[in-house]
Amino acid sequence: MSTISLLNSIIGPVMRGPSSSHSAAPYFIGKTVRQLSLCDGDKIVNVEIAFDPEGSFAQVYTNRGSDEGFAAGLMGEEVTSPKYRQALSDLMNGKPFTLEINIRNLDTNDHPNRVEIAVTVEDSEGALREDHFKGLSIGGGMFKLDSFNSFAIDATGSDFILLLECGDNSSLQQLPSNAKVQARVCAGSKNSYQLIEIKSSSPLSPQQPELKDMIEQSWKVRSCTPVQFSVHDEAPLFASPKALVQQTSRGHGLADLALSLEAKRLGLTEPQTRKAFADRYDVMMDAVQAGLALTNQSSNMKFLKPSAKQVGAANPVEIIGSPFLQDALSASLAVMDANANR
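A few points on the structure. (Residues numbered from 1 in each chain as written. Predicted model: local features only at pLDDT ≥ 70, side-chain atom pairs only at ≥ 80, totals over all residues. Heavy atoms only, no water.)

A word on the sheet that holds strand β3 (residues 114-122)
Across the sheet, which stays open at both edges, the 6 strands sit in the order β2-β1-β3-β4-β5-β6 with mixed pairing between neighbours. Each having just a single partner strand, β2 (98-103) and β6 (151-155) make up the two edges of the open sheet. Across this sheet, the average inter-strand angle for adjacent strands is 25°, counted without regard to direction. Pairing of strand β1 (residues 43-51) with β3 involves 7 bridges; the strand directions are antiparallel. Residue pairing for β3: I49 is matched across the bridge by I117. In the packing of helix α2 (residues 20-37) onto the sheet, the strands contacted are β1, β3, β4 (128-139) and β5 (142-148), and the crossing angle to β4 comes to about 150°. Across the face of the sheet, helix α4 (residues 66-75) comes into contact with β1, β2 and β3 while running at roughly 155° to β1. (Pairing = 2+ DSSP bridges. Helix = DSSP H or I, 4+ residues; strand = E, 2+ residues; numbered from the N terminus. Axes fitted to C-alpha atoms, helices over the stretch in contact; angles between N-to-C directions. Contact = heavy atoms within 4.5 Å.)

Structure, rendered in structure tokens:
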């Protein structure tokens, strides 16, 4: 499913750092890798992240906060948590597991934003295993994990996913494929077992009739949830710009139409969607306030000084154009200052 929506793509994604490709996507990749690596009783012991020397991550991962994003995602921290920026330091000190970031030639190097991640996991009985992921950032905070232990997977952060490891063909006759649940056998010629990928825009339960038998026949079940809002309905609310004009001419405001569209796409009620917009507003305002509170003394910015407060207080306003534009520029700079303060 697509992740494109107003909350995901217009006033999102929520991220720390200056780049959706190099700041947001690493966090989402790390968060998804953590979920797919851990089963009941497991704990992560070590993670190695590798970038190709010819790729973009190798050039910018420190100054664009890619390292912070991967670390916070792998730790399972929320993007709004004060612990987000502490995660990298903790992992580099081995707490609660060790993190290595290496630049080397990757096995697959078909995209400038490629990354390979190896996760060493200790299970509940003390046995170690190593899971290998390959993925890439594709812009706008979107990403794709396309390889897991040499199996071809399709994890994009937009679906609820189950990965079932099993050793026979008995479940293949029961693979569901409908509007709500899609399942497929993942290609993987190097493996001695099968991997079945099940995806849905709604939560997956082991008690669902079409899944129960497959799960019972699997020796390991991995799962992950969407990292952004899951899109349930990709059909546009309005067929054309003309239809939108007709709606507004009938007295429907753009804000109400946008709310209706987003609720339909995300499968939420309008009150739930309104609260999601309000929550997003609160995140934005917290970032603005954090940027405005910076001073030359409190800032850790390397090359520039905080400038949002100066722009907001500039006089005369006519130089910028209007008080509204001046406030907008000041707020935007405040968010940029807060993100650059690392």
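Let's pick the thread back up.
Some remarks on the pairing of β5
Judged by how many residues are buried, β5 sits mostly within the fold: 5 of 7 residues are covered. Where β4 folds back on β5, the antiparallel hairpin that results is connected by 2 residues, among which G140 adopts a positive phi of roughly 65°. With 3 bridges joining them, β5 and β6 adopt antiparallel strand pairing. Counterpart to S147 in the pairing with β6 is A152. (Buried < 20%, exposed > 50% of the residue type's maximum accessible area, 1.4 Å probe, protein only.)

Quick notes on unusual backbone geometry
A cis amide bond links G12 with the next residue in sequence, P13, at an omega value of 0°. Structurally, P13 can be placed in the loop between α1 (6-10) and α2. The omega angle of the peptide bond from K95 to P96 is -5°, so this bond is cis rather than trans. Not every positive phi belongs to a glycine, and N149 is a case in point at roughly 50°. Phi at S150 takes a positive value of approximately 75°, unusual for a residue other than glycine.

Some remarks on the sheet that holds strand β9 (residues 194-200)
The strand order β8-β9-β7-β10 describes an open sheet built from 4 strands, whose pairing is antiparallel. Two strands in the sheet have a free side with no partner beyond their single neighbour: β8 (181-185) and β10 (220-224). Across this sheet, the average inter-strand angle for adjacent strands is 15°, counted without regard to direction. The sheet contact formed by β8 and β9 spans 5 bridges and is antiparallel. Of the residues in β9, the one forming a bridge with A183 is I198.

Thoughts on the layout of surface pockets
In this structure, the largest pocket occupies an estimated 1,400 Å³ of space. Along the walls of the largest pocket sit 43 residues, with G17, V335, M336, A338 and N339 positioned nearest its centre. Of all the secondary-structure elements, those providing two or more residues to the lining of the largest pocket are α9 (270-292) and α11 (323-340). Among the residues making up the lining of the largest pocket, the classes are represented as 25 nonpolar, 8 polar and 10 charged. Lining the second largest pocket are 18 residues, with V14, E78, V227, F229 and R280 positioned closest to its centre. Sorting the residues of the lining of the second largest pocket by element identifies α1, α2 and α9 as the ones contributing at least two each. (1 Å grid on protein atoms, 1.4 Å probe; cavity = no way out; pocket = protein on both sides within 12 Å on 5 of 7 lines; lining within 4 Å. Points joined across faces, edges and corners; volume = space filled by probe spheres on them. Nonpolar A, V, L, I, M, F, W, Y, C, P; charged D, E, K, R; others polar.)

Focus: the pattern of salt bridges
Under the counting rule described, the total for this entry stands at 15 salt bridges. Between D146 and R114 there is a salt bridge, with its nearest N and O atoms 2.6 Å apart. Pair noted here: D146 is in strand β5 and R114 is in strand β3, with a separation of 32 residues, a long-range link. The same class applies to D146 and to R114, which are both buried. (Salt bridge = Lys/Arg side-chain N within 4 Å of Asp/Glu carboxyl O.)

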